[in-house]
Amino acid sequence: MSGGEAVLSEAVTVPRSQDRSDAGALEHLVRQHSRLVYRIAYAALGSHHDAEDATQETFLRVLRYSHKLATVEDPKTWLSRIAWRVAVDRSKLRGRKREIPLEDPEKPVAEVPSADAAADDAIHSTQVGALLERLIAALPQKLRDPLILSAVEEMSPHEVAATLGMNEAAVRSRVFRARRILKEKLADRVAGRGARKHDG
């Protein structure tokens, strides 16, 4: 059971005086967007366990303010904004750097091929991935945040902009700049390692 679905059990404790439509809207929101909330949390925290905790906390906050659902024009964006704030707050409290998910967190980890050449390629790919994560963590926050959220499949540039409180053009520009910086730095690092290996 996901963190979002688990919180549904708490929804039944909503006071009877509350309009049933609020409870129905909350249940619909949880079932429709629990995966989105999890992916946002995972993108910010880089840990399955932390992402699950953040997902549950997000929906507990939504439950607390469920009476506002009727006035929310875009529930998905509203929920995304809450999920992002919860994840970022958790990241700051734990002193952890936010990382972008390089692969689908639910995708099984591939086994390293037994052939020497293929194994070398796999190791190199893993090293590049770890390097990329460090480079992303080192980006300025104004570039890193849009890049991280843009990697969440369910979010459009418009939704990323609404979540971060900026316009869509700024999101596109910052994501472009972030990717260009990463491409340049990654190329420099890989080229540098290749040169050192050749010299050795």
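Residues numbered from 1 in each chain as written. Predicted model: local features only at pLDDT ≥ 70, side-chain atom pairs only at ≥ 80, totals over all residues. Heavy atoms only, no water.

Some words on the overall build of the chain
Under the convention used in this document: Numbering goes from the N terminus for both helices and strands, where a helix is a DSSP run of H or I of at least four residues and a strand is a run of E of at least two. The criterion used for residue contact is that any of the two residues' heavy atoms lie within 4.5 Å. Note on areas: Shrake-Rupley, 1.4 Å probe, and residue coverage restricted to the protein chains presented here.
Along the chain, the regular secondary structure elements total 9 helices and 0 strands. Helices and strands in the chain line up, N terminus first, as α-α-α-α-α-α-α-α-α. The contacts in the chain between residues at least 6 apart in sequence include a share of 72% that link residues at least 24 apart. Roughly 12,000 Å² of accessible area belongs to the chain as shown, and the carbon and sulfur atoms make up 51% of that amount.

Focus on the packing of helix H4 (residues 48–64) against helix H5 (residues 75–93)
Quick reminder of the rule: For helices, the axis comes from a line fit to the C-alpha atoms of the stretch in contact; other axes are also lines fit to C-alpha atoms, and the angle between any two N-to-C directions lies between 0 and 180 degrees. Angles are sorted into four bins: roughly parallel if under 35 degrees, roughly antiparallel if over 145, roughly perpendicular if 65 to 115, and oblique for all others. Each crossing gets its hand from how the near helix is turned against the far one by less than a right angle, where anticlockwise is left-handed and clockwise is right-handed. Under the convention adopted here, Pro, Cys and the residues Ala, Val, Leu, Ile, Met, Phe, Trp and Tyr are nonpolar, Asp, Glu, Lys and Arg are charged, and Gly plus all remaining residues are polar.
Contact geometry of H4 with H5 gives a least axis separation of 9 Å together with a crossing angle of 130 degrees. In terms of orientation, H4 and H5 fall into the oblique class. Handedness of the H4/H5 crossing: right-handed. In this structure, H4 contributes Asp 53, Ala 54, Glu 57, Thr 58, Phe 59, Arg 61 and Val 62 to the contact, and H5 contributes Trp 78, Leu 79, Ile 82, Ala 83, Val 86, Asp 89 and Arg 90. Here the contact of H4 with H5 is composed, by residue class, of 8 nonpolar, 1 polar and 5 charged.

Focus: the nonpolar core
Rules: Think of a nonpolar core as a cluster: buried Ala, Val, Leu, Ile, Met, Phe, Trp, Tyr and Cys residues, connected wherever their side-chain atoms sit within 4.5 Å. Relative accessibility thresholds used throughout: buried, under 20% of the residue-type maximum; exposed, over 50%; partly exposed, between the two (1.4 Å probe, protein chains only).
In terms of nonpolar packing, the biggest core is built from 44 residues, with Ile 40, Val 62, Trp 78, Trp 84, Leu 147 and Met 155 touching the most fellow members. Of all elements in the fold, only helix H3 (20–45), H4, H5, helix H6 (116–137), helix H7 (141–150), helix H8 (157–164) and helix H9 (168–199) reach the threshold of two or more residues within this core. In terms of residue count, the dominant contributor to this core is H3 (12 residues). Discounting chain neighbours no more than four positions away, the residues touching Met 155 are Leu 36, Ile 40, Ser 80, Leu 149, Val 160 and Thr 163.

Structural notes on the packing of H5 against H8
Orientation of H5 relative to H8, taken along the N-to-C sense of each, is 55 degrees, at an axis distance of 9 Å. Compared by their axis directions, H5 and H8 come out oblique. Crossing hand, H5 versus H8: right-handed. Packed against H5, whose contacting residues are Lys 76, Thr 77, Ser 80, Arg 81 and Trp 84, the element H8 presents Glu 159, Ala 162, Thr 163 and Leu 164 at the interface.

A short note on the packing of aromatic side chains
Our working definition: Aromatic pairs are defined between Phe, Tyr and Trp rings, using the six-membered ring for Trp, whenever the two ring centres lie within 6.5 Å; interplanar angles under 30 degrees are classed as stacked, those over 60 as edge-to-face, and all others as tilted.
Applying the stated criterion to the full structure yields 1 aromatic pair. Centroid distance Tyr 38 to Tyr 42: 6.2 Å. Interplanar angle 25 degrees. Geometry classified as stacked. Of this pair, Tyr 38 and Tyr 42 both sit in helix H3, 4 residues apart, roughly one helical turn.

Some remarks on the pattern of salt bridges
Short version of the rule: Salt bridge criterion: a side-chain nitrogen from Lys or Arg within 4 Å of a carboxyl oxygen from Asp or Glu.
Considering all chains together, one arrives at 4 salt bridges under this definition. Members of the salt-bridge network, linked through shared partners, are Glu 57, Arg 61 and Arg 90.

A short note on the side chain of Arg 144
Worth spelling out the cut-off: We treat Lys and Arg as the positive residues and Asp and Glu as the negative residues; His and chain ends play no part in the count. Any N or O atom pair separated by 3.5 Å or less is treated as a polar contact, with the protein-specific requirement of one donor-capable and one acceptor-capable atom, and with residues adjacent in sequence counted only for side-chain atom pairs.
Its location among the elements puts Arg 144 in helix H7. Buried and without a salt bridge, Arg 144 has Asp 145 as its closest oppositely charged side chain, separated by 4.4 Å. Side-chain polar atoms of Arg 144 contact the backbone oxygen of Ala 137, separated by 3.2 Å.

Considering the confidence of the model for the chain
Defined as follows: Scored between 0 and 100, pLDDT is the confidence that the predictor attaches to each residue.
Per-chain confidence: the chain averages 75 in pLDDT, with 66% of residues scoring 70 or above. Confidence drops under a pLDDT of 50 for residues 7–18, and excluding neighbours within four residues, the segment shows 13 contacts in the predicted structure. Counted against residues more than four places away or in other chains, residues 96–115, with its pLDDT under 50, gives 42 contacts.

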